[in-house]
Amino acid sequence: MTAEITVNLYGGLERYSPEGLRKGNRVPGDQVNTVREVLDYFEIPREEARIILVDGHHASLEDQVNPGKVISIFPLVGGG
Amino acid sequence: MPGWMGKILYIDLSSKEHQILESGEDFYHKFLGGRGLGARLLFKFLETPHTEPLSSRNTLVFSTGPLTATVVPTTGRMTLTTRSPLTGTIFDSNAGGYWGPALKGAGYDALVITGKAETLTRLEINENSIKFVNCPELSGWNNSRTWEHLDQKLPEYQHVYIGPAGENQVYFASVSVGKNRTLGRGGMGAVLGSKNLKAVSLKGSRQPGVADRKRTEKIKEKSLTWLENSPLTASRLEEMGTSMLVNLINEAGVLPTRNFQETQFAGADSISGESLRDRMEASSGSCFNCPIACARQIIGPEGEQAGPEYETIGLLGSNLGISDPELIAKFNQLCNELGLDTISTGSVIACLMELVDRGYFDYQISFASAEGLADLIEDIARRRGLGDRLARGSLRFAREAGHPELAMQVKGLDIPAFDPRGMKGQGLGYITSNRGACHLRANMLNIELLGLPERIDRFTEEGKAALLIQQQDLNAILDSLIVCKFTLFALAEGFYREMLEAVTGVSFPEKEFYAIGERIWNLEKIFNLAVGFQRCDDSLPLRFKVEGGSGPLAGEIVEEEKMLEDYYRIRGWNFSGIPVDETLSRLELREFKHYFLGSDINDS
């Protein structure tokens, strides 16, 4: 198993994916240590990443990310 | 009386008589309009809260608010209040469109309808006349056909009307407002159906007075600027509609899946707003005086149709295990045509699927399969075969099948598409809502998932009661003004008070303003106490209290007793959930005390 982090970019943020992928973007685990570094990896401006979930739990920019984790990043969404 | 028209139209369908009544300022200042006025008028005109919901004596109160038809954005809304056949509680629903402004245009703040017409009837109301028109030829007509007919016949009028489900008194039949807005949830369409009332058409050119035009204009400009500056209300709701929530709700593990047995769905992305946007050609639509334009129209096989909202995707999609967006759009369209609430339709079918899955009920149906579903939905609306039994809602059906715990509802109202195990405040909202499980009395989505205005721990029960109560009271005010809840994404709370003061010229000190919401909440509660609801009815289905969900919800359950205790205490209610004397006095509701004194509930 490769040591990768999975990144989902939703609500239009998929435009920051090199492959234009919404789900299942892969980042080598040794290239990023924190949520902030994941944003930098995809060059997503901070203000666009309004909700960040790591394995479904809300996370902050400084939270550690480890291989095997799934990071989901959303812009401002609403409705209901 | 700026803001209000000061007149209420009362119609008795049995005698074909009507009266125009005037109400005092005090009445309006205490209950505003919309939902508050609806609750107050229901008490006034209903002989007793015990009135059977589908009897001729039940009463429909259509109402507008002091901001309706003014220049303030999103003020095209109207409310319908009655006793619900699905829940037995007091029930109100509000919708956008253009009918609310037309009611004021005809000269009325509210229209009260009671009695029962002999044959299928529609009403034509304008500033000068009220016409009762027999319309047996419209019997069984789908909604689009009915709308086209009315629009062609009376192009200057605005219409509310029911489809076959309403005529056949399905307990979760909706009422259509204009071409594509809906009064959903508690089966108000069935109440119109029980009265043989197919449609109410309105027109008029009157306008409510505005006390301070300059200030109102300023407020309009300011709120438009705010709505344009929030990315949500400026463009995101218009681009994707509410379906943009699907992926977030799924990743957060609160997306109802297979009758809430799971809370994440493998096919979520394919039914998400992003996928719908990619796959289906769409345009947006808006209500009276609204810049948000959240309504999505998609191009379906039979032309333009309403795109499925988030709730519909949850309940007719993931909760049935269905991941084909075209199927969901098709079922949505079918429900809209028949006049069925999509949440309850999805929920009662999911309940049937689980009963069958567990071997408790014999029928050919299974999760993830769309086979036979369109026919079943049609059968519900036409009350044919098994559809006739499902038409009385999930709780009654599951009870008859011997497994009431498999109906995902509170007080008979089906739980919307946010699983309470991952949003404890939302769970408390479901159990305390005066109309049963509902996300619109106080959606904790903003606070618990979106982090607006700031993020709090969604998994804890701690501190949720106080936050929820604040939201419930605020929403009662928004529902009474009436403005769209989506403005909350962009506007500060204090702004609503400013709007009210500018339009009416009445001063509402902050404390008094918020007390209006609390008063309305308590008045609705009194109705429910009067008809016998008790503390034990403020409870979620067993599943949420003993089984965890998927992903982040593994092992998560809702501990409702602790939250409920806090909630009753902060509300100023006793252990049984009855408002204590001090609360009634503070809210000027003492005159309603006799309604629940005779009920079976022990005062402790």
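Residues numbered from 1 in each chain as written. Chains lettered and ligands numbered in written order. Predicted model: local features only at pLDDT ≥ 70, side-chain atom pairs only at ≥ 80, totals over all residues. Heavy atoms only, no water.

A tally of helices and strands in chain B yields 25 helices and 17 strands. In summary, chain B has a C-alpha radius of gyration of 22 Å against a globular reference of 25 Å for 604 residues, a match within 12%. Seen along its three principal axes, the alpha-carbon backbone of chain B occupies a region of about 60 × 55 × 50 Å. Within chain B, buried positions represent 66% of all 604 residues. Accessible surface, chain B as shown: approximately 20300 Å² in total, 45% of it carbon and sulfur. (Helix = DSSP H or I, 4+ residues; strand = E, 2+ residues; numbered from the N terminus. Rg over C-alpha atoms; globule rule 2.2 N^0.38 Å. Buried < 20%, exposed > 50% of the residue type's maximum accessible area, 1.4 Å probe, protein only. Areas by Shrake-Rupley, 256 points an atom, 1.4 Å probe, with all protein chains shown as cover.)

What follows deals with the environment of Y41 of chain A. Mapped onto the fold, Y41 of chain A is located in helix α1 (residues 35-42). With near-sequence residues (within four places) excluded, Y41 of chain A lies in contact with R26, V27, P28, Q31 and V32 of chain A. (Contact = heavy atoms within 4.5 Å.)

Take the packing of aromatic side chains next. All names here are of chain B. The final tally for this structure, using the stated rule, is 18 aromatic pairs over all chains. Relative to F288, the ring of Y98 has its centre 6.3 Å away and its plane inclined at 90 degrees; by these criteria the two rings are edge-to-face. Placement of Y98 in the loop between β5 (90-95) and α3 (99-105) and of F288 in the loop between β13 (282-285) and β14 (295-300) is noted, with a sequence separation of 190 residues between them. By relative accessible area, which is 38% here, Y98 ends up partly exposed. Between W226 and F495 the ring centres are 4.8 Å apart and the planes differ by 45 degrees, which places this aromatic pair in the tilted class. Of the two residues, W226 sits in helix α7 (residues 213-229) while F495 sits in helix α20 (residues 494-504), which places them 269 residues apart along the sequence. For F495, a relative accessible area of 2% gives the class buried. (Phe/Tyr/Trp six-rings, centres within 6.5 Å; stacked < 30°, edge-to-face > 60°.)

Taking 1.5 Å of rise per residue, 12 residues should cover 16 Å, and helix α2 (residues 34-45) of chain B covers 16 Å from first to last C-alpha, within 8% of that figure. For α2 of chain B, the full list of buried residues reads G34, R35, G36, L37, G38, A39, R40, L41, L42, F43 and F45 of chain B. (Expected span 1.5 Å × (residues − 1).)

Let us now look at the state of the cysteines. Residues and elements named next belong to chain B. In the structure shown here, the tally under the stated rule is 0 disulfides over all chains. No disulfide involves C335; its sulfur sits 16 Å from the nearest other cysteine sulfur, which is in C351. Summary of cysteine pairing: C484 is not part of a disulfide, and the nearest cysteine sulfur, belonging to C290, is at 6.1 Å. (Disulfide = S-S within 2.5 Å.)

This part is about α20 of chain B. Residue and element names in this part refer to chain B. Of all 11 residues in α20, 8 are buried; the element is thus mostly enclosed. Turning to α20, its buried residues number three or more, namely F495, Y496, M499, L500, E501, A502, V503 and T504. Against α7, α19 (464-481) and α21 (510-530) lie the buried residues of α20. A positive backbone phi angle near 75 degrees is found at G505, which sits one or two residues after α20.

Locating L597 of chain B in the fold gives a position in helix α25 (residues 594-597). Residues L597 of chain B and L529 of chain B lie 68 residues apart in sequence; the distance between their C-alpha atoms is 9.1 Å.

This brings us to the packing of helix α17 (residues 424-432) of chain B against helix α23 (residues 560-571) of chain B. Think of two packed helices as two axes; the pair is described by the angle between the axes and how far apart they sit. All names here are of chain B. Running from N to C, α17 and α23 point in directions that differ by 65 degrees, and their axes come no closer than 10 Å. The angle between α17 and α23 falls in the class roughly perpendicular. Pair α17 / α23 crosses with right-handed handedness. Mapping the contact onto sequence places K424, L428, I431 and T432 in α17 and E560, M563, L564 and Y567 in α23. Looking at the contact of α17 with α23, its residues break down into 5 nonpolar, 1 polar and 2 charged. (Axes fitted to C-alpha atoms, helices over the stretch in contact; angles between N-to-C directions. Parallel < 35°, antiparallel > 145°, perpendicular 65-115°, else oblique. Left-handed = near helix turned anticlockwise from the far one by under 90°. Nonpolar A, V, L, I, M, F, W, Y, C, P; charged D, E, K, R; others polar.)

Another aspect to go through is the domain arrangement of chain B. Residue and element names in this part refer to chain B. Per the domain assignment, the segments of chain B are domain 1 (7-202), domain 2 (235-417) and domain 3 (419-484 + 509-604). Here the C-alpha centroids of domain 1 and domain 2 sit 26 Å apart. In this complex, domain 1 contributes 36 residues to the contact, which on the side of domain 2 involves 33 residues. Sorting the residues of domain 1 by area buried against domain 2 places L86, F172 and R185 first, and these three jointly supply 28% of that buried surface. Inspection of the region where domain 1 meets domain 2 yields 1 salt bridge. D341 is the partner of R185 in a salt bridge, and the nearest nitrogen-oxygen pair spans 3.3 Å. Across the side of domain 1 that touches domain 2, the residue classes break down as 15 nonpolar, 19 polar and 2 charged. (Domains from an automatic or database assignment. Buried area = accessible area lost by both parts, 1.4 Å probe. Salt bridge = Lys/Arg side-chain N within 4 Å of Asp/Glu carboxyl O.)

Bringing the interface of chain B and chain A into the picture now. At the interface, 33 residues of chain B touch 23 residues of chain A. Carbon and sulfur atoms supply 57% of the area that chain B and chain A bury against each other, a total of about 2200 Å² over both sides. Of all residues in chain B, L248, E251 and R455 of chain B give up the largest surface area on contact with chain A, accounting jointly for 25% of the area buried on that side. A salt bridge links R277 of chain B to E14 of chain A; its shortest N-O distance comes to 3.6 Å. At the junction of chain B and chain A, the tally comes to 8 residue pairs in polar contact (both at pLDDT 80 or more). (Polar contact = N/O pair within 3.5 Å; in protein donor to acceptor, adjacent residues only side chain to side chain.)

What follows concerns the side chain of H439 of chain B. Along the polypeptide, H439 of chain B turns up in the loop between α17 and α18 (445-450). Engagement of the side chain of H439 of chain B in a polar contact is seen with the side chain of E311 of chain B, the distance being 3.3 Å.

The topology assignment puts A165 of chain B in helix α5 (residues 164-167). Residues within four places of A165 of chain B in sequence aside, it is in contact with V170, A173, L338, G339, L340 and A381 of chain B.

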